[in-house]
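Structural characterization, general
Chain residues, written in single-letter form:
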Amino acid sequence: LLFLFITVCVLFLHGNIAAQNQNVGIGTLTPNASAVLDLSPPANDKGFLVPRLTALQRLAITTPANGLLVYDTDSACFFFYKQISSSWNSLCNSGITGGIGPTGSTGATGTAGTTGATGPTGIAGFTGATGATGATGATGPTGTAGTNGATGATGIAGVTGATGATGATGIAGVTGATGLTGATGPVGCATADYIIKSNGTSATCTQTPIFEDALNLRIGIGTTTPLAMLHVVGNITSPGSGFGSEKFGLNASANNTFATALGNSSIAGGNEDVSVGYGANASGTLGVALGSGAQAPGAGNIAIGRGANASGTQNSIAIGLGSVSTRASVVIGDGSSSVESSNVILGAFASSAAGHYSTILIGRDCKSTGPNQFVVGGGFYSDIRNVFIGRGVQDTTPISVNINPTQAFNKTDEAGADLILNGGVSTGTGVGGNLIFQTVPAGVVSGITQNSLLERMRIVSNGNVGIGTTSPGSALDVFMANTGVLQSNAGALLFRIQDGNARPAISSYGNIDGNPLADNVLSAFSVRNVSGTGRSITTSGSIAVGQDGGGFSGYFVGNVGIGTTAPITKLMVATSAVNDGIWLDRGTNMATALITNTSVGAWNPLTQAGDHLLLYKGTAINNPGAGFVIAPWRNDVPTGNGIRIDASGNVGVWTSAPARPLHINDVMRLEPRASAPSSPGEGDIYYDITIHKLMVYDGTVWQACW
C-alpha cells in the first residue's frame, strides 16, 4: 500500500495522471468522459499489462467478480469470468456467443401416455349465484281487429273559466264553542337504549326482551349486556318436519325425530341426526355432519370438517378437511382416508389402501403396505424416532410396561402367540437392520441428572448376537473390556448352579478376585438340571477347564463328547482331520498330545499315514523336554514300576534312566511257543518250549543259544 501511494503521488507530481469528474487518466490530462480509467502512453510505446496467472491459479480465485480479466500463461490467452454461467471464457476461442435464436417449430405430439388411476372425488363446490335475467323477447305480430266496442263515456268537461275578482270581506261571525279534548297519543322513550313495545292500543318503554346497545352497535335478546352484534340468551327454535326437530338456514331440513339441521341446505334426515354447515348431510341415525359439505350417511357415522366423508354403513368417523372413512373406520387428519374396515388413521394425508384392513396408522403421509399393520411415522414431516409407553416421556414415578402378544383364553391347551421383533427390511445387496437392546446403568453421583443409555446387546442381520460388541463375528460373541480387577461375580457370562450362587462361567480379560484369567476361561462350571441329568456344551472353539495355580475345578456328569454329539464313553473324542487329537498343556514345562489320523512324518519320523492313538510329548518341535511315564499311581516300590521314555527315546521298564533303546530293570519273560514263527528276519528271538532253548535267527537258519 505504501508503494502504491508513493507511485500515485509521483505520477501526480510529474503531471502524468489527471482526475476529472470521476474519470482517471494516466498519461493524459483529458481522460475520455466515457471511461473510468483512460491509459494513454505519451510516446505510444507502452501497453496495458493485466495480471498473469497459470490456469491452476486462475481457477483457485475465490468468488471471482463478473467480468474479471486475467491472462492465462498456460494457454497464452485472455480469460474473463461470466457470472451468469459461473465459468471462465477464453478470448482466444470463437467470438462471443450470439443471442438465443428464434424458437423452432413445435415437434409432433408424442403418443399419449396410459391414463392414470382416477383420483379421489374432490370436495363439492358451493352452488353458484343465479345468473342474470335474459333480455325480453321481440313483440309478437298484431292480432286481427276485434268488433267495435260500446260507446265510450262522456268526455272530460271543458276548461273552467277564469275566476272572478274576490269580493269584499264580510263581517266576522261569532266564535264557536271549544270542542272536546281528544284521546292522549303514545309517548316516546325518555331513557337511552330503551325500545317502544306496543300492543296495538298502547306502548311502553322497556329493555326486555330486546335491548339495543347503540354505542357498540349490538342487539341483545334476553340480555342487557350483549357481547356480539346479536346476543341471544334463551332458546331459539325453528321447528323442522320431524318430531322435536329443529332447522335453521335457507333450505335447511330436519326430517326425523329430534333431528337438528343448521346451515344453508343442511340436511338432518335420520333420527337424532345433527347436521351443521353449508350442504352438510347427516342422513343415517345418530349421525353427525359438521362442516361445509360434510357427509355422514350411515348409522352412527361422524364427519367433521369441510368435505369430510364418513360414508360407511355404520360407525364410521372422518375428522379433517377432505377426510374419508368408508367402512367402520376412524380417520382423523386433513386428506386422510381409509377404504377398508376396522382401521384407525391418525395424521394428515395418511391412508390405508384397498385390502389393508385392521391397520393403525399414526403420522403425516403415513401409509400401510398390507393388512394388520401398526405403522408409526410417515413422510418427511412425521419422522418419529422415539416411542414412549407408560406415563409419558418423563415422570417422577415411572412405571413398568409389559408388551404382550395375544394370550390364550377360555380354550383347552391353546398355545400362546409369538412375539416377533423385526429389523428393518433391506433390498438387493443391502444389509438388513439390526435389533439393538439398551439399558441405563446407575450413576456414580447422587442427583436428578438423567443417566445415559448404553448398548448391551445387538442381533445383526446375519443372525449373530453381540454382547459388549457392535460387530459380533460368531453366533454368540461376548466381549468384556479389561477394566482391571473384577469382583467374583463379574464374568462375561454368568450361570447359577444348584446351590443358587452366581458364579462366573466364561470371562474375557481382567481378573477374578485378583487372580488373572485368560480369554475363554471356563471356571467353576456345571451344566445340570435339578434332577442331575446332564446337558450338552457345544462350541466350535476351545474350552479350558481348571484354574491357574490349582488343580481340576470342574466336572461333567455323564458322557462327554468332543467332536461328536453322541459320546458312548465317559470321554469320547471324534475327529476326521489329519494331525488332530488331544493336547495336554502345562505351560513351557510339559505338553502331551494324543494324536489320531496322522500324516507321514508328523510329530516324529516314525509316524505313518493314518496312524491312530499316538502319544507325543514335548514343548516344541525337536524339544521333547523331560521323560514320559506310563505307570500306576504309587510310590511304595523303591525302583518304581512302570515304563519311562526319556528325551532321547530310550524306553526303560522299572528304571528311570534307560541306557538303551529298551532297558529292563528286572526279569523279562518270552512266552514259550512250540514252533518257529513264519517269515523270520535276522535277529528274531523266541523261546522253544519243545527243546527248552532260546532260539535266534541268523538270517539263514534258527540257532539255539546253548
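Scroll up a little and you will see the structure.
Heads up: these notes are all about the structure in this document. (Residues numbered from 1 in each chain as written. Predicted model: local features only at pLDDT ≥ 70, side-chain atom pairs only at ≥ 80, totals over all residues. Heavy atoms only, no water.)

Of the regular secondary structure elements, the chain holds 2 helices and 53 strands. With 706 residues in all, the chain has 20% of them scored as buried. Counting contacts in the chain only where the partners sit at least 6 residues apart, residues at least 24 apart contribute 7% of the total. Taken as a whole, the chain presents about 50200 Å² of accessible surface, with 57% of it coming from carbon and sulfur. (Helix = DSSP H or I, 4+ residues; strand = E, 2+ residues; numbered from the N terminus. Buried < 20%, exposed > 50% of the residue type's maximum accessible area, 1.4 Å probe, protein only. Contact = heavy atoms within 4.5 Å. Areas by Shrake-Rupley, 256 points an atom, 1.4 Å probe, with all protein chains shown as cover.)

For the rest of this paragraph, the subject is the sheet that holds strand 29 (residues 360-362). As summarised here, the arrangement of the 10 strands in space is 13-15-17-19-21-23-25-27-29-30, forming an open sheet in which the pairing is parallel. In this open sheet, the two edge strands, each paired with only one partner strand, are strand 13 (246-248) and strand 30 (374-376). The mean angle between the axes of side-by-side strands here comes to 5°, regardless of whether they run parallel or antiparallel. Strand direction decides the pairing type here: strand 13 and strand 15 (residues 260-262), joined by 3 bridges, are parallel. When the bridges of strand 15 are listed, Phe248 appears paired with Leu262. (Pairing = 2+ DSSP bridges. Axes fitted to C-alpha atoms, helices over the stretch in contact; angles between N-to-C directions.)

With respect to topology, 4 strands assemble into an open sheet ordered 31-32-33-34, the strand pairing being mixed. For this open sheet the edge positions go to strand 31 (435-439) and strand 34 (476-478), each flanked by a neighbour on one side alone. Within this sheet the neighbouring strands show an average axis-to-axis angle of 20°, counted without direction. One ladder, built from 3 bridges, connects strand 32 (residues 454-459) with strand 33 (residues 465-467); its direction is antiparallel. Paired with Ile459 across the bridge in strand 33 is Val465.

Right, let's talk about the packing of aromatic side chains for a bit. Summed over the entire model, instances satisfying the criterion amount to 5 aromatic pairs. An angle of 85° between the planes, with centres 4.9 Å apart, marks the rings of Tyr686 and Trp702 as edge-to-face. Placement of Tyr686 in strand 51 (residues 685-688) and of Trp702 in strand 53 (residues 702-704) is noted, with a sequence separation of 16 residues between them. Accessibility expressed as a relative area gives 8% for Tyr686, which makes it buried. (Phe/Tyr/Trp six-rings, centres within 6.5 Å; stacked < 30°, edge-to-face > 60°.)

In this section: the layout of surface pockets. Gaps left between atoms show up when a probe the size of a water molecule is rolled over them. One number sums up the size of the second largest pocket: a volume of about 1200 Å³. Grouping the amino acids of the lining of the second largest pocket by side-chain chemistry returns 14 nonpolar, 7 polar and 3 charged. (1 Å grid on protein atoms, 1.4 Å probe; cavity = no way out; pocket = protein on both sides within 12 Å on 5 of 7 lines; lining within 4 Å. Points joined across faces, edges and corners; volume = space filled by probe spheres on them. Nonpolar A, V, L, I, M, F, W, Y, C, P; charged D, E, K, R; others polar.)

Further remarks concern the pattern of salt bridges. Evaluated as defined, the whole model comprises 7 salt bridges. Arg364 is paired through a salt bridge with Asp365; the nearest N and O atoms lie 3.7 Å apart. Judged by relative accessible area, which is 33%, Arg364 ranks as partly exposed. Classification of Asp365 as partly exposed rests on a relative accessible area of 28%. Asp395 is the partner of Arg391 in a salt bridge, and the nearest nitrogen-oxygen pair spans 3.8 Å. (Salt bridge = Lys/Arg side-chain N within 4 Å of Asp/Glu carboxyl O.)

By themselves, these observations are geometric and do not establish any function.
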